[in-house]
Amino acid sequence: MTGNILEIHRLAQNGETLRRIRCLPGRVTVLRAVKDRELDIYSQVIAGKAVEERFTLLVNDAPFKRDEHALIGFENIELFSNDVTVAGFLKSVVAKPESLESLLLRLGLGGSLERVCRELTPGEQETLQIIAATFTPKKILALHDPFSKVNENWREKLAQLVVDYAAKKNATVLVTKLGFRPQCWVENEYISRVQLEQPRKATIGFGGDASPDANDLIQKLRAEIKSEVSSEVATFSP
């Protein structure tokens, strides 16, 4: 079964590709970074905001069109009209929303079909959006800091729903930031982690990319070793 491949190209000013990230179907790709600024850059790019760097987004080698995919948790992206109910919202993905009542119950939304979506808590809104997204596997599902707003009683179950969705429906899921780390994602074969910072260059011996403080320590150790060797040579010289 084929799926969508999302490619994120970070470009130099001359158009050269500095970094390429491939988000494969059947996987949840989680971006990681030492500094939040790196994560923010990628989340802004996914959301369509202007950034200083140049990026190109492709889905199966065609331009990424945001309105054709599911983006959840990003700023300035509204998914609910003013008076739509939970049932009305779910009708876009299933003919009979009431058939999802047991799923809603398992994720903390039991008895919510007639509630107005905008009156739900932020965590409930996110849960509802993710549930709806799992019925549209042809769309890329992009999540920014999922689960953090969700009641702790339902976080693990919602995280399990996401990874099951990717694995069983061969869907492509991208997480641009992960504030809450689901236990069910730890050492999970369907979770791919991508470190945004470039790895340090391999070096032989001391030096290389070491920090100034580390280099000072290295030089001090070298001097001490040299001094000790000189003393030994002087002591044992015939």
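Residues numbered from 1 in each chain as written. Predicted model: local features only at pLDDT ≥ 70, side-chain atom pairs only at ≥ 80, totals over all residues. Heavy atoms only, no water.

## Digging into the overall build of the protein
Along its length, the protein carries six helices and nine strands. Surface exposure of the protein reaches about 14,200 Å², of which carbon and sulfur atoms provide 50%. (Helix = DSSP H or I, 4+ residues; strand = E, 2+ residues; numbered from the N terminus. Areas by Shrake-Rupley, 256 points an atom, 1.4 Å probe, with all protein chains shown as cover.)

## Regarding the environment of Thr-121
Along the chain, Thr-121 turns up in the loop between α3 (101–106) and α4 (122–133). Spatially, the C-alpha atom of Thr-121 lies 8.8 Å from that of Val-150, the residues being 29 residues apart in sequence.

## Topic: unusual backbone geometry
For Phe-147, which is not glycine, the phi dihedral falls at a positive 80 degrees. Along the chain, Phe-147 turns up in the loop between β7 (141–144) and α5 (155–169). One non-glycine residue with positive phi stands out, namely Asn-170, at about 55 degrees. Relative to the elements of secondary structure, Asn-170 occurs in the loop between α5 and β8 (172–177).

## What about the nonpolar core?
Among the nonpolar cores identified, the biggest contains 42 residues, and Val-28, Leu-90, Leu-128, Val-173 and Trp-185 are the most heavily contacted of them. Counting only elements with at least two residues in this core, the list comes to β3 (27–32), β6 (70–72), α2 (86–90), α3, α4, β7, α5 and β8. Sorting elements by how many residues they give to this core places α5 first, with seven residues. (Core = buried A, V, L, I, M, F, W, Y, C linked by side-chain atoms within 4.5 Å. Buried < 20%, exposed > 50% of the residue type's maximum accessible area, 1.4 Å probe, protein only.)

## Some remarks on the sheet that holds strand β2 (residues 17–23)
With respect to topology, four strands assemble into an open sheet ordered β2-β1-β4-β5, the strand pairing being antiparallel. Each edge of the open sheet carries a strand with a single partner, namely β2 and β5 (62–63). Relative to β5, strand β4 (residues 54–59) is paired through two bridges, and the arrangement is antiparallel. In the sheet register, Leu-58 faces β5, and the bridge partner there is Pro-63. (Pairing = 2+ DSSP bridges.)

## What about the environment of Asn-170?
By relative accessible area, Asn-170 is classed as buried at 16%. For Asn-170 and Arg-27, which are 143 residues apart along the polypeptide, the C-alpha to C-alpha distance reads 7.5 Å. A distance of 3.4 Å separates a polar side-chain atom of Asn-170 from the backbone oxygen of Thr-2. (Polar contact = N/O pair within 3.5 Å; in protein donor to acceptor, adjacent residues only side chain to side chain.)

## Regarding the pairing of β4
Judged from the six bridges that link them, strand β1 (residues 6–11) and β4 form a sheet pairing that is antiparallel. When the bridges of β4 are listed, Leu-11 appears paired with Arg-54. Counted along the chain from β4 to the antiparallel partner β5, the turn is two residues long, and its residue Asn-60 has a positive phi close to 55 degrees.

## Quick word on the packing of aromatic side chains
All chains considered together, the criterion is met by three aromatic pairs. Judged by centre distance (4.9 Å) and plane angle (65 degrees), the ring pair of Phe-80 and Phe-89 falls under edge-to-face. The pair formed by Phe-80 and Phe-89 is uniform in burial state, with each residue classed as buried. Pairing Phe-147 with Trp-185 gives two aromatic rings, centres 5.5 Å apart and planes at 85 degrees, and the pair type is edge-to-face. Of the two residues, Phe-147 is situated in the loop between β7 and α5 and Trp-185 in the loop between β8 and β9 (191–195); the sequence distance between them amounts to 38 residues. Classification of Trp-185 as buried rests on a relative accessible area of 1%. Sitting over the face of the ring of Phe-180, Arg-155 holds its NZ or CZ atom 4.9 Å from the ring centroid. (Phe/Tyr/Trp six-rings, centres within 6.5 Å; stacked < 30°, edge-to-face > 60°. Lys NZ or Arg CZ within 6 Å of the ring centre and 35° of its normal.)

## Here we look at the side chain of Gln-129
When you line up the elements, Gln-129 lands in helix α4. Looking at Gln-129, the relative accessible area reads 12%, which means it is buried.

## Some words on the confidence of the model for the protein
Parts of the model with low pLDDT should not have their predicted coordinates read in detail. For the protein, per-residue confidence averages 87 on the pLDDT scale, and 82% of positions sit at 70 or higher. Predicted confidence for residues 202–212 stays below pLDDT 50, and this span has 10 contacts to residues more than four positions away or in other chains. Under a pLDDT of 50 for its full length, residues 229–238 has, in the predicted model, zero contacts with residues more than four places off or in other chains. (pLDDT = per-residue confidence, 0-100. Contact = heavy atoms within 4.5 Å.)

## Some points on the sheet that holds β6
Pairing is parallel in the open sheet, where five strands are placed in the order β6-β7-β8-β3-β9. Edge positions in the sheet fall to β6 and β9, since each has one partner strand and no second. Adjacent strand axes in the sheet meet at a mean angle of 15 degrees when their direction is disregarded. Note: β3 against β8, four bridges, orientation parallel. Within the sheet, the bridge partner assigned to Arg-27 lies in β8 and is Thr-172. Here α4 sits on the sheet and contacts β6 and β7; the angle it forms with β6, its principal contact strand, is near 160 degrees. (Axes fitted to C-alpha atoms, helices over the stretch in contact; angles between N-to-C directions.)

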